[in-house]
Amino acid sequence: MSVDNVTAVAPASSRRPWAVRGSVLAVAAAAGVVLLAGPAAAHVSVQPQGEAAQGGYATVNFKVPNERDDASTVKLEINFPADHPLTSVMPQPVPGWDVKVTKEKLDKPLESHGNKITEAVSKVTWTAEDKGVETGHFQQFPVSLGALPDDADQLVFKAIQTYDNKEVVRWIEEPTEGEEPESPAPVLALTAASGDGHGAASDDKAAKAGSGHSDDTEKASSEQAAADSSDSTARILAVVGILIGLAGVAFGVLSGRRRTTS
């Protein structure tokens, strides 16, 4: 056998590093897809327009994404905390949705601006009149509420999301320090009250917020746009990760074939 014939046949072991490299690249890319896709996962959440100060009034948005590829969200139920009853709750009308406010009598009446309050809102329910929140979309449900408690740093709202295929998802688990539950409830963080003890908004501002004319609307829109941009970026990165994974697999296969035929 001539020297040329001997050197022309590459041993099997010399082909393995190329195939291994291709496989490693594919596995790394697949892992990247999992890591990048994580932030894109979403659940029912609540964010204030501006800030929600202790003792004051605020307008908040309950954001509901559709996480299903074959069903639309047609109902949202937000349960209000019983340990911190709110005397004023005014949902802003949302086109295509019917809204119902449910009140319950309080075990212990509250005093508000010299008035005795014997009942408070226990839940607000939105029901779609048409298609609801379809695949790949989200919907916001604005609510003006107060007076916020001055002895708490957050409010937990338990949410129930219903799809048109009768599936019900319960976002009711309260978060614990350092760990997010599988089905977290929406949590509204409260900021410290201002010097006048009435938080960041007066009753007049609360009324404006309930009618959709809050002075903080522009700021809230910017914050929401930034959040939506973050979600979109995460999804784009996830797609890029998938493409890298496919390229890695193809690279490994082609490398193996080239070495086999050489």
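Since the structure is predicted, the reported quantities are computational estimates derived from the model, not experimental observations. (Residues numbered from 1 in each chain as written. Predicted model: local features only at pLDDT ≥ 70, side-chain atom pairs only at ≥ 80, totals over all residues. Heavy atoms only, no water.)

Structural notes on the packing of aromatic side chains
Two measures describe an aromatic ring pair: the distance that separates the ring centres and the angle between the ring planes. The tally for this structure, following the rule as stated, stands at five aromatic pairs. Plain terms: the ring middles of phenylalanine 62 and phenylalanine 157 are 5.4 Å apart, the flat faces sit at 80° to each other, and that makes the pair edge-to-face. Here phenylalanine 62 is found in strand 2 (residues 58–65), whereas its partner phenylalanine 157 is found in the loop between strand 8 (154–156) and strand 9 (158–163), with 95 residues between them in sequence. Phenylalanine 157 matches phenylalanine 62 in its accessibility class, with the two residues each being buried. Their ring planes at 45° and their centres at 4.9 Å tell us that tryptophan 126 and phenylalanine 141 sit as a pair that is tilted. (Phe/Tyr/Trp six-rings, centres within 6.5 Å; stacked < 30°, edge-to-face > 60°. Helix = DSSP H or I, 4+ residues; strand = E, 2+ residues; numbered from the N terminus. Buried < 20%, exposed > 50% of the residue type's maximum accessible area, 1.4 Å probe, protein only.)

Points about the nonpolar core
In this structure, Phe62, Ile78, Phe80, Trp126, Leu145 and Phe157 are the most contacted members of the largest nonpolar core, which totals 32 residues. Where this core is concerned, the elements lending two or more residues are strand 2, strand 3 (73–79), strand 6 (115–128), strand 7 (138–146), strand 9 and strand 10 (168–171). Sequence-distant contacts of isoleucine 78, defined by excluding residues within four places in its chain, comprise Val44, Phe62, Ser122, Lys123, Val124, Trp126, Phe157, Lys158 and Ala159. (Core = buried A, V, L, I, M, F, W, Y, C linked by side-chain atoms within 4.5 Å. Contact = heavy atoms within 4.5 Å.)

Describing the sheet that holds strand 7
Strand order across the open sheet formed by four strands is 1-2-7-4, with antiparallel pairing between neighbours. Each edge of the sheet is formed by a strand with only one pairing partner; in this case those strands are strand 1 (45–48) and strand 4 (88–91). Taking each pair of neighbouring strands and ignoring which way they run, the sheet shows an average axis angle of 30°. Pairing analysis gives four bridges linking strand 1 to strand 2, with the strands arranged antiparallel. Paired with glutamine 47 across the bridge in strand 2 is asparagine 61. (Pairing = 2+ DSSP bridges. Axes fitted to C-alpha atoms, helices over the stretch in contact; angles between N-to-C directions.)

Concerning the environment of threonine 191
Summarising the element assignment, threonine 191 is placed in the loop between strand 11 (187–189) and helix 3 (203–210). Look at threonine 191 and you get partly exposed, because its relative accessible area is 30%. Put simply, threonine 191 and alanine 53 are 138 residues apart on the chain and 4.6 Å apart in space, counted from C-alpha to C-alpha.

Considering the pattern of salt bridges
Inspection of every chain in the model, using the stated rule, returns two salt bridges. One salt bridge connects glutamate 77 with lysine 123, and the closest N-O pair in it is separated by 3.8 Å. Taken as a pair, glutamate 77 in strand 3 and lysine 123 in strand 6 lie far apart in primary sequence, 46 residues in all. Taking the relative accessible area as the measure of exposure, lysine 123 reaches 25% and is therefore partly exposed. (Salt bridge = Lys/Arg side-chain N within 4 Å of Asp/Glu carboxyl O.)

Overview of the pairing of strand 7
Note that strand 2 and strand 7 share eight bridges and pair antiparallel. Looking at strand 7, one finds that proline 65 is bridged to phenylalanine 138. Here four bridges tie strand 4 to strand 7, and the two strands are oriented antiparallel to one another. Note that in strand 7 the partner of serine 88 across the bridge is glycine 146.

Comments concerning unusual backbone geometry
Put simply, glycine 146 and alanine 147 share a cis peptide bond, and its omega is -15°. Residue placement: alanine 147 occurs in the loop between strand 7 and strand 8. Phi angles above zero are rare outside glycine, and lysine 166 is one such case at about 80°. Along the chain, lysine 166 falls in the loop between strand 9 and strand 10. For lysine 166, a relative accessible area of 73% gives the class exposed.

Some points on a negative patch on the surface
A grouping of Asp98, Glu129, Asp130 and Glu134 is seen on the molecular surface, where their side chains present a negatively charged patch. Of note, glutamate 129 is situated in the loop between strand 6 and strand 7. (Patch = residues over 30% accessible without salt bridge, like charges linked within 9 Å, V, L, I, M, F, W, Y side chains within 5 Å. Areas by Shrake-Rupley, 256 points an atom, 1.4 Å probe, with all protein chains shown as cover. Lys, Arg positive; Asp, Glu negative; His and termini not counted. Charge placed at Lys NZ, Arg CZ, Asp CG, Glu CD.)

As for the confidence of the model for the protein chain
Residues at a pLDDT of 70 or more form 57% of the protein chain, whose mean pLDDT is 74. Contacts of residues 1–15 to residues separated by more than four positions or lying in other chains number five contacts, the stretch itself having pLDDT below 50. (pLDDT = per-residue confidence, 0-100.)

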